[in-house]
Amino acid sequence: MLPLTQAAPGSAPWWGVPVIAGGFLLAGVVIAFLATSLSDRRRLNREDRRQWDRDIRDAYLEITRYFGRITAFRYQVLSAEGDRRSRYQAGAEALAGLREQVAMLEVIGTPAVIARAHELEDRSAAVVSLWHELINPGKPEYRALNAARNDLLDAVKDSVRGARRS
C-alpha cells in the first residue's frame with residue numbers, strides 16, 4: 001500500500017477533483033452574477049426611459065397650459081389701454097412659464113422635440129408681442145402658432161413611441 005502523499009502512477013492527485021469542482025462553481029457564480037447584473041441594467045434602463053417619457057409628457061402638458069393662456073385672449077377686442085396692458089402682462093407671464101418648460105425639454109428631450117419646442121416658443125413670443133394691437137385671429141402668426149403646437153405634439157409622440165420600440 002502506498003502512503004497518502006503518493007498517488008499511484010497515472011492517477012490524478014487527490015486535490016484535483018476539489019480544484020476542478022471549485023473552478024466550475026466559481027465559473028457558475030460569475031455567470032450568474034453577470035446575467036443578473038445585465039438583467040438589472042436592462043430593467044433600470046427601461047425604468048429610466050419611462051421616467052424621461054413621463055417628464056417629457058408633463059412638460060408638454062405644462063406648455064399646453066401656458067399655450068392656452070396665450071391664446072385665450074385672441075378673440076377679445078380690447079379698446080382700453082389698461083385692458084391691453086393687462087392682456088400683455090398675462091401673455092408675458094404665460095410666455096415666461098412656457099420658456100421654463102422649454103428649458104426643461106432642453107435637458108430631457110430629443111433633438112426633434114427641442115427644435116419644435118423652440119419653434120413654439122418663438123411663435124408664442126411673436127403672438128404676445130402683437131397684443132398691443134387689436135387681435136385678429138386670422139393673422140398668419142396665429143396659424144403659425146397653432147402649427148408649431150401641433151408639430152411639438154407630433155415630436156413628443158414620436159419621441160415616446162420611439163422609446164417603446166427600442
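Calculation notes
Residues numbered from 1 in each chain as written. Predicted model: local features only at pLDDT ≥ 70, side-chain atom pairs only at ≥ 80, totals over all residues. Heavy atoms only, no water. Salt bridge = Lys/Arg side-chain N within 4 Å of Asp/Glu carboxyl O. Helix = DSSP H or I, 4+ residues; strand = E, 2+ residues; numbered from the N terminus. Buried < 20%, exposed > 50% of the residue type's maximum accessible area, 1.4 Å probe, protein only. Expected span 1.5 Å × (residues − 1). Patch = residues over 30% accessible without salt bridge, like charges linked within 9 Å, V, L, I, M, F, W, Y side chains within 5 Å. Areas by Shrake-Rupley, 256 points an atom, 1.4 Å probe, with all protein chains shown as cover. Lys, Arg positive; Asp, Glu negative; His and termini not counted. Charge placed at Lys NZ, Arg CZ, Asp CG, Glu CD. Contact = heavy atoms within 4.5 Å. pLDDT = per-residue confidence, 0-100. Core = buried A, V, L, I, M, F, W, Y, C linked by side-chain atoms within 4.5 Å.

Chemist: Account for the pattern of salt bridges, naming residues and giving values.
Modeler: Charged atoms that come close allow side chains of opposite charge to pair. Applying the stated criterion to the full structure yields six salt bridges. A salt bridge links aspartate 53 to arginine 49; its shortest N-O distance comes to 3.0 Å. Here arginine 49 and aspartate 53 lie together in helix H1 (residues 16-71), a separation of four residues that amounts to about one turn. Judged by its relative accessible area of 6%, aspartate 53 is buried. Here arginine 49 falls in the partly exposed class, since its relative accessible area comes to 29%. Among the charged side chains, a salt-bridge network with shared partners connects Asp40, Arg43 and Glu47.

Chemist: Quick rundown of H1? Include the residues and the values.
Modeler: Taking 1.5 Å as the rise per residue, H1 with 56 residues should run 82 Å; its terminal C-alpha atoms sit 82 Å apart, in good agreement. Among all positions in H1, only Gly16, Asp53, Ile56, Ala59, Tyr60, Ile63, Tyr66, Phe67, Ile70 and Thr71 are buried.

Chemist: Any chance you could break down a positive patch on the surface for me, citing the residues and the numbers?
Modeler: A cluster of like positive charges, contributed by Arg42, Arg46, Arg50, Arg54 and Arg57, occupies part of the molecular surface. Mapping arginine 46 onto the fold places it in helix H1.

Chemist: Explain a nonpolar patch on the surface residue by residue, including any values.
Modeler: There is a patch of nonpolar side chains on the surface, built from Leu26, Val30, Phe33 and Leu34 and spanning about 420 Å² of accessible area. Tracing the chain through its elements places leucine 34 in helix H1.

Chemist: Help me get a handle on the environment of leucine 95, residues and values and all.
Modeler: Considering the arrangement of structural elements, one finds leucine 95 in helix H2 (residues 81-108). Here the alpha-carbon distance between leucine 95 and aspartate 122, two residues 27 residues apart in the chain, equals 9.7 Å. When sequence neighbours within four positions are dropped, the list of residues in contact with leucine 95 reads Ile70, Glu121, Ser124 and Ala125.

Chemist: Quick rundown of the confidence of the model for the chain? Include the residues and the values.
Modeler: In this model, the chain carries a mean pLDDT of 83, and residues with pLDDT of at least 70 account for 81%. Averaged pLDDT values for the elements of the chain fall to 84 in helix H4 (residues 140-165) and rise to 92 in helix H3 (residues 111-129).

Chemist: Requested: an account of the nonpolar core, with residues and values cited.
Modeler: In this structure, Ile63, Ile70, Leu105, Leu120, Leu152 and Val156 are the most contacted members of the largest nonpolar core, which totals 25 residues. Among the secondary structure elements, those contributing two or more residues to this core are H1, H2, H3 and H4.

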